[in-house]
Amino acid sequence: MTLMLDVRDVGKAFRDYGSELKRIATWFGVPVKPREEHWVLRGISFSVGRGEAIGIVGQNGAGKSTLLKLITRTLVPTEGSVSVHGRIAAILELGMGFSPDLTGRQNVYHAAGLMGFSREQIEAAMPDIEAFAEIGDYFDEYVRTYSSGMQMRVAFSVATAFRPDILIVDEALSVGDAYFQHKCFKRIKEFRELGTSLLIVSHDSGAIQNMCDRAILLQGGRVLKDGEPTEVMDAYNALIAERENTTMKVERLESGQMQTISGTFEAVVKSIRLHATSGEPIEFVDVGQDVELRIDVEARSDIPKLVLGYMIKDRLGQPVFGTNTFHTRQVATDVPAGSVLSYVARFPMNIGPGSYSISTALVSTDTHLVDNYEWRDLALIFTVANQSHPHFVGSAWIPPTFDFDRLP
Amino acid sequence: MSELIRAVWSYRHFIASSVKNDLKARVARSRLGAAWMVLQPLAQVAIYSLVLSRVMGARLPGTTNQYAYSIYLMSGMLAWSLFLEIITRSLTLFVDNGNLMKKIFFPRATLPFIAVGSSLVSNALLLVATLIIFALIGHMPTPAVLWIPLLMGITVVFSLGLGLILGVVNVFLRDVGQVMTVVLQLWFWVTPIVYMPSILPSGFGEIIHLNPMYYLVSGYQSVLLYGAAPPLLPLAAMAAGSIVLLVVAFLMFRRAAPEMVDVL
């Protein structure tokens, strides 16, 4: 595999010399020790192959932006090296450098020039850029008359007018309406098929799992995890929930999958099983079959408010269905230490055939961000098979009744 | 160095279009448009002429034109406005473009070229307007005008060199920018632009020779007012000194560049 990007032992420190005069003295070779070195990134190593898509996740301040700036070469690493093969384009700051007193077309010339393209190259790409932006006659109007959506359209069109070898995308970036958003992602996917490597920054586990081959979790300026998107996202979710007294365990299940359990463990899931309505435990479920999800929860300390939530996820870790007893208004209050709560959730398994997992969460409100007693990924794994229904595809079971008339 | 030249060359279209955009943005949505670039310095000249021509006019030796003082004033202003524009722009060059430098990778060397390019265009417009006014008041340009491009060149190199050194330091020590606004005002008044060196009390005459701008301004004055060649020896020294200054600025920028974006 050809390496497009190779990041080796990269560290970035912001130095405080106490006085800027001392910093200036260092340029002239005066050996001044910085008073303080603040390392934002340290010991970062990873590489990206041709056509690979890598997700970069991490909390605010984990060093994501600094890492991207080092990759796009706007920042210089303090130690280590970043080698890039080919051209990098970043869709992070769309419309950067756009002037309101120029027309869309003039701004395209300017922005593409900033990216280093010659007049001839820009002229050749101009019809495509204009067509992709789809803003009609506005293309020759002043940008100050544009809506923010129109400006985004032009900015995205010019940023992706030339296929880069590495494309950096901030997934949270909104590029206008849903229609244009789809168009943008389609273009990104096309680039990837043609061999462009992707670096995607996102907080959305769905997007990371959907688009990436690999994910990197940054925490405190270091790579905490580099691996399968599902594993990394589980670790990331656990990290968000991490509070004081919160711990995180990662165990390898018999199936080879990595299970992440985190929380304060003031309440824990003691057992979780899937039963048929007849009462017998099952592992294989028929599509549409009525089942009971039985979860026993033990309180290990006094808990004023206890909410149980569960989420059914598909093989790729995408949520299929999730809810909790906060939403159903069944919050258990004043649960004494040592007591066991036995929950039963009854529902028809209206999902398509495949392998699924259930994650559980024991919290005090509707999110795991306030109190996270326990968060357990892959708490239960089960398989849905289609044994008694006509063939269908997809993850939802929405059985139709067809009617048709033959028109004379 | 060659790498720098190559980068700038490959961005030449970008530099050209940026200069155009910069000039456009300056006069965007104003009725008189580009005329403002000339009208503002000319208005300043008009004010000084109005206030000072009676006091100063009689003291210009060797001239017969009744507008001699105005011509003297405009010649000096031509040099000063180029110097002032380049130095103030270089001073805030990196601070103003901080956002761009933080977000997009492009050869930073294009930035001074854009600043100089747009300053040169507006100064050239002012030169043309000045020559037209000279002609209108009966002061026809002599072949000595051909010295102007050289004088402009030295002024550019000097102001860019000094401006970039201060501009790099200004990124880290913003006080430099504040101090310079005061220093530049003082500098204007210690340079014989609105007055003649001959009116200075004895003793100041020597001090004035320490002011590099004195040589450039008096070069413009002798070329435009007297139609004579500028004093060559001091000018050659100025040119050499300016090039050294620019090289120092370049080396300083080299050293500071990795840390510059950190603090912007």
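Quick caveat, the model's predicted, so the values are computed rather than measured. (Residues numbered from 1 in each chain as written. Chains lettered and ligands numbered in written order. Predicted model: local features only at pLDDT ≥ 70, side-chain atom pairs only at ≥ 80, totals over all residues. Heavy atoms only, no water.)

A. Quick peek at the overall build of chain B. Looking only at helices and strands, one finds 12 helices and zero strands in chain B. Secondary structure elements in chain B, listed N-terminal to C-terminal, are α-α-α-α-α-α-α-α-α-α-α-α. Taken over the C-alpha trace, chain B has a radius of gyration of 19 Å; the compact-globule value for 264 residues is 18 Å, and the two agree within 12%. Each principal axis of the C-alpha distribution contributes one length, and for chain B these read about 60 × 45 × 30 Å. By the burial criterion, 50% of the 264 residues in chain B qualify as buried. The long-range share in chain B, meaning contacts at least 24 apart out of those at least 6 apart in sequence, stands at 81%. (Helix = DSSP H or I, 4+ residues; strand = E, 2+ residues; numbered from the N terminus. Rg over C-alpha atoms; globule rule 2.2 N^0.38 Å. Buried < 20%, exposed > 50% of the residue type's maximum accessible area, 1.4 Å probe, protein only. Contact = heavy atoms within 4.5 Å.)

B. Region of interest: the pattern of salt bridges. Residues and elements named next belong to chain A. Applying the stated criterion across every chain, the model contains 23 salt bridges over all chains. Across the pair Arg-105 and Glu-130 runs a salt bridge, and its minimum N-O distance is 3.3 Å. One end of the pair, Arg-105, is in helix α3 (residues 104-114); the other, Glu-130, is in helix α4 (residues 119-133), with 25 residues separating them in the sequence. The partly exposed category is assigned to Arg-105, whose relative accessible area is 24%. The partly exposed category is assigned to Glu-130, whose relative accessible area is 29%. (Salt bridge = Lys/Arg side-chain N within 4 Å of Asp/Glu carboxyl O.)

C. Quick look at a nonpolar patch on the surface. Residues and elements named next belong to chain B. A surface patch of nonpolar side chains, about 270 Å² in accessible area, is lined by Leu-32, Trp-36 and Leu-39. Along the polypeptide, Leu-32 turns up in the loop between α2 (12-27) and α3 (35-57). With a relative accessible area of 47%, Leu-32 lands in the partly exposed category. (Patch = residues over 30% accessible without salt bridge, like charges linked within 9 Å, V, L, I, M, F, W, Y side chains within 5 Å. Areas by Shrake-Rupley, 256 points an atom, 1.4 Å probe, with all protein chains shown as cover.)

D. A look at the side chain of A:Lys12. Within the secondary structure, A:Lys12 is located in strand β1 (residues 3-16). Classification of A:Lys12 by relative accessible area gives buried; the value is 2%. Discounting chain neighbours no more than four positions away, the residues touching A:Lys12 are A:His38, A:Trp39, A:Val40, A:Leu41, A:Thr66, A:Leu70, A:Leu75, A:Val76, A:Pro77, A:Thr78, B:Pro258 and B:Asp262.

E. Expanded view of the sheet that holds β1(A). Residue and element names in this part refer to chain A. Sheet architecture is open: three strands sit in the order β2-β1-β4, paired in antiparallel fashion. The sheet is open, and its two edges are formed by β2 (36-49) and β4 (79-84), each paired on a single side. Neighbour-to-neighbour, the strand axes of this sheet turn through a mean angle of 20°, independent of strand direction. Pairing of β1 with β2, which is carried by 10 bridges, proceeds in the antiparallel orientation. Its bridge partner being in β2, Phe-14 is matched across the sheet by His-38. (Pairing = 2+ DSSP bridges. Axes fitted to C-alpha atoms, helices over the stretch in contact; angles between N-to-C directions.)

F. Here's a closer look at the pairing of strand β5 (residues 88-91) of chain A. All names here are of chain A. Across the two faces of β5 the burial differs, with Ala-89 and Ile-91 buried and Ile-88 and Ala-90 not buried at all. As paired elements, β5 and strand β6 (residues 166-170) share four bridges and run parallel to each other. Its bridge partner lying in β6, Ile-91 is registered against Val-169.

G. Region of interest: the interface of chain A and chain B. At the interface, 33 residues of chain A touch 30 residues of chain B. In this structure, the connection of chain A to chain B is made through one salt bridge. The salt bridge involving B:Asp262 is made with A:Lys12; its shortest N-O contact spans 3.1 Å. For the side of chain A that touches chain B, the elements supplying multiple residues, two or more each, are β1, α1 (20-27), α3 and α4 of chain A.

H. Structural detail: the nonpolar core. In terms of nonpolar packing, the biggest core is built from 113 residues, with A:Phe46, B:Phe94 and B:Tyr220 touching the most fellow members. At 15 residues, the largest contribution of residues to this core is made by helix α8 (residues 148-172) of chain B. Beyond its immediate chain neighbours, meaning those up to four positions away, B:Tyr220 contacts B:Ser75, B:Leu78, B:Ala79, B:Leu82, B:Ile148, B:Leu151, B:Met152, B:Thr155 and B:Leu225. By size, the runner-up hydrophobic cluster in this structure holds 47 residues, among which are A:Met150, A:Phe185, A:Leu217 and A:Val232. (Core = buried A, V, L, I, M, F, W, Y, C linked by side-chain atoms within 4.5 Å.)

I. Region of the structure containing the packing of helix α4 (residues 68-91) of chain B against helix α9 (residues 175-190) of chain B. Residues and elements named next belong to chain B. In contact at an axis separation of 11 Å, α4 and α9 are set at 175° when each is read in the N-to-C sense. One element, α4, and the other, α9, form an angle in the roughly antiparallel class. Within the contact between the two elements, α4 uses Met-77, Trp-80, Phe-83, Leu-84, Ile-87, Thr-88 and Leu-91 and α9 uses Val-176, Gly-177, Met-180, Leu-184, Trp-187 and Phe-188. Tallied by class, the residues present in the contact of α4 with α9 amount to 11 nonpolar, two polar and no charged. (Parallel < 35°, antiparallel > 145°, perpendicular 65-115°, else oblique. Nonpolar A, V, L, I, M, F, W, Y, C, P; charged D, E, K, R; others polar.)

J. Summary view of the domain arrangement of chain A. Residues and elements named next belong to chain A. In terms of domain boundaries, chain A breaks down into domain 1 (3-87 + 203-227) and domain 2 (232-385). If you look at the interface, domain 1 gives 18 residues, while domain 2 gives nine residues. Across the domain 1/domain 2 interface, buried area totals approximately 1200 Å², and carbon plus sulfur atoms make up 69% of it. The interface formed by domain 1 and domain 2 holds zero residue pairs in polar contact (both at pLDDT 80 or more) in total. Elements supplying a minimum of two residues to the side of domain 1 that touches domain 2: β3 (53-58), α7 (205-211), β8 (214-219) and β9 (222-227). Looking at which element gives the most residues to the side of domain 1 that touches domain 2, the answer is α7, with five residues. (Domains from an automatic or database assignment. Buried area = accessible area lost by both parts, 1.4 Å probe. Polar contact = N/O pair within 3.5 Å; in protein donor to acceptor, adjacent residues only side chain to side chain.)

K. Summary view of the sheet that holds strand β14 (residues 290-299) of chain A. Residue and element names in this part refer to chain A. In space, the three strands of this open sheet follow the order β12-β14-β18, with antiparallel pairing throughout. The open sheet terminates on both sides in strands that have one partner only, identified here as β12 (267-276) and β18 (340-348). The sheet shows a mean angle of 20° between the axes of neighbouring strands, taken without regard to direction.

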